[in-house]
Amino acid sequence: MQKYGQHFLINEGVINQIVDAALLLRAENLVEIGPGKGALTQRIIARGQKNFTLVEIDPEMVSYLQTHLPKEAGVKITQQNFLKFDLSSLPSVPTEFVSNLPYIDAADILDKVLAWPHFFSAVFMFQKEQSLRIRAKAGDEFYGPLSVFSQLRARISPICKVGRGSFNPPPKVESAVLAFERLKEPVFSSEEEWKKFKKLVLSAFAHKRKTAFNSLTLCGYPKDMVAEALAKLNLPPTVRAEQIDPQTYVKLNKLLA
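Overview of the structure. Being a predicted model, the structure only gives us computed values, none of them experimental.

Each value, and the rule that gives it
- Residues numbered from 1 in each chain as written.
- Predicted model: local features only at pLDDT ≥ 70, side-chain atom pairs only at ≥ 80, totals over all residues.
- Heavy atoms only, no water.
- Helix = DSSP H or I, 4+ residues; strand = E, 2+ residues; numbered from the N terminus.
- Rg over C-alpha atoms; globule rule 2.2 N^0.38 Å.
- Buried < 20%, exposed > 50% of the residue type's maximum accessible area, 1.4 Å probe, protein only.
- Contact = heavy atoms within 4.5 Å.
- Salt bridge = Lys/Arg side-chain N within 4 Å of Asp/Glu carboxyl O.
- Arc of directions from axis to C-beta.
- Polar contact = N/O pair within 3.5 Å; in protein donor to acceptor, adjacent residues only side chain to side chain.
- Pairing = 2+ DSSP bridges.
- Axes fitted to C-alpha atoms, helices over the stretch in contact; angles between N-to-C directions.
- Right-handed = clockwise from strand over helix to strand, strands pointing away.

Turning to the overall build of the chain, a few remarks are in order. A count of helices and strands for the chain gives ten helices and nine strands. Compactness check: the chain gives a C-alpha radius of gyration of 20 Å against a globular reference of 18 Å for 257 residues, within 12% of the reference. In terms of overall dimensions, the chain has a C-alpha envelope of 65 × 40 × 30 Å along the principal axes. Out of the 257 residues in the chain, the part that is buried amounts to 47%. For the chain, long-range pairs separated by at least 24 residues make up 66% of all intrachain contacts whose partners lie at least 6 apart in sequence.

Attention now goes to the environment of Arg133. Relative to the helices and strands, Arg133 resides in helix α5 (residues 128-135). Owing to a relative accessible area of 32%, Arg133 belongs among the partly exposed residues under this scheme. Between the C-alpha atom of Arg133 and that of Tyr143, which follows or precedes it by ten residues, the distance is 5.6 Å. Not counting residues within four places of it along the chain, the set of residues in contact with Arg133 comprises Phe142, Leu146 and Ser147.

Scanning all chains against the criterion turns up nine salt bridges. Two residues, Lys198 and Asp111, come together in a salt bridge whose shortest N-O distance is 3.5 Å. Of this pair, Lys198 sits in helix α7 (residues 191-204) while Asp111 sits in helix α4 (residues 106-115), placing them 87 residues apart in sequence. Connected via shared salt-bridge partners are Asp111, Arg153 and Lys198.

What follows covers helix α3 (residues 59-68). Along α3, the residues classified as buried are Met61, Val62 and Leu65. Down the axis of α3, the smallest arc covering the buried residues is 105°, so these residues share one side. Looking at α3, the residues exposed on the side facing more than 90 degrees away from the buried face are Glu60 and Thr67. Residue Asp58 occupies the N-cap position of α3, its side-chain oxygen lying 2.9 Å from the main-chain nitrogen of Glu60.

To continue, consider the sheet that holds strand β7 (residues 154-162). Within the open sheet, the seven strands sit side by side as β4-β3-β2-β5-β6-β9-β7. Their pairing is mixed. The open sheet has two edge strands, β4 (76-79) and β7, and neither has a second partner. In this sheet, neighbouring strand axes are inclined to one another by 15° on average, regardless of whether the strands run parallel or antiparallel. Docked against the sheet, α3 engages β3 (53-56) and β4, running at close to 165° with respect to β4.

Quick look at the pairing of strand β6 (residues 119-127) now. The buried count for β6 comes to seven of nine residues, which makes it a mostly enclosed element. Across six bridges, the pairing between strand β5 (residues 95-100) and β6 is parallel. Bridging from a neighbouring strand, Thr95 pairs with Phe119 of β6. Between β5 and its parallel partner β6, the chain crosses via α4, and the hand of that crossover is right-handed. Here seven bridges tie β6 to strand β9 (residues 175-182), and the two strands are oriented antiparallel to one another.

Structure representation (structure tokens):
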């Protein structure tokens, strides 16, 4: 394993499923995050994709890619941590993202991608438990803020499960691949609205053993407003954050705005 903690994908079947999904959701522009030695990159090029962007943090991997990728593919390689990468440097056109995501930053990378105005689609690999959190429904064991924030910005579909033996070296956990498609109509029209909504949801989940009412009021929301809002939505005072579905959070946010 390299110093950046890469686990290189070697399972040809999984590589093909990821590339198949990516080509099915093809956008005008393509960005691959953390390509490593280019297992996905090479297959994407072989399937006819050209002139796309790679963002790779590891200088050793950048050097490897520069010498192993065909020049005629026109691939642009940027050495940088994707979380610091300026998305505005990309063309302002519908863009697809592909990646075997680094587990430690996966949620933050997903949030950055989904928040970008020109996000069109994505095919990402996650740690299995994180993939369950992303797709969980209200009342499920893994349901939480990540579920709400992801589902309100994209249509999410499972692509495949990935065993530990699909990597070299094998990670300690299993993985799963998910596809994301931008919703036709955004739930929020401005970044300011989204920030207020995000604050509400994080506040509701802030105190795990308390009701949503208690958690929200402890985070500064007026008790009378919260009580009235819950009543209007036919939610009992005892309702917990994990029992409220994403669309109901949107309605709750409007009532507490």
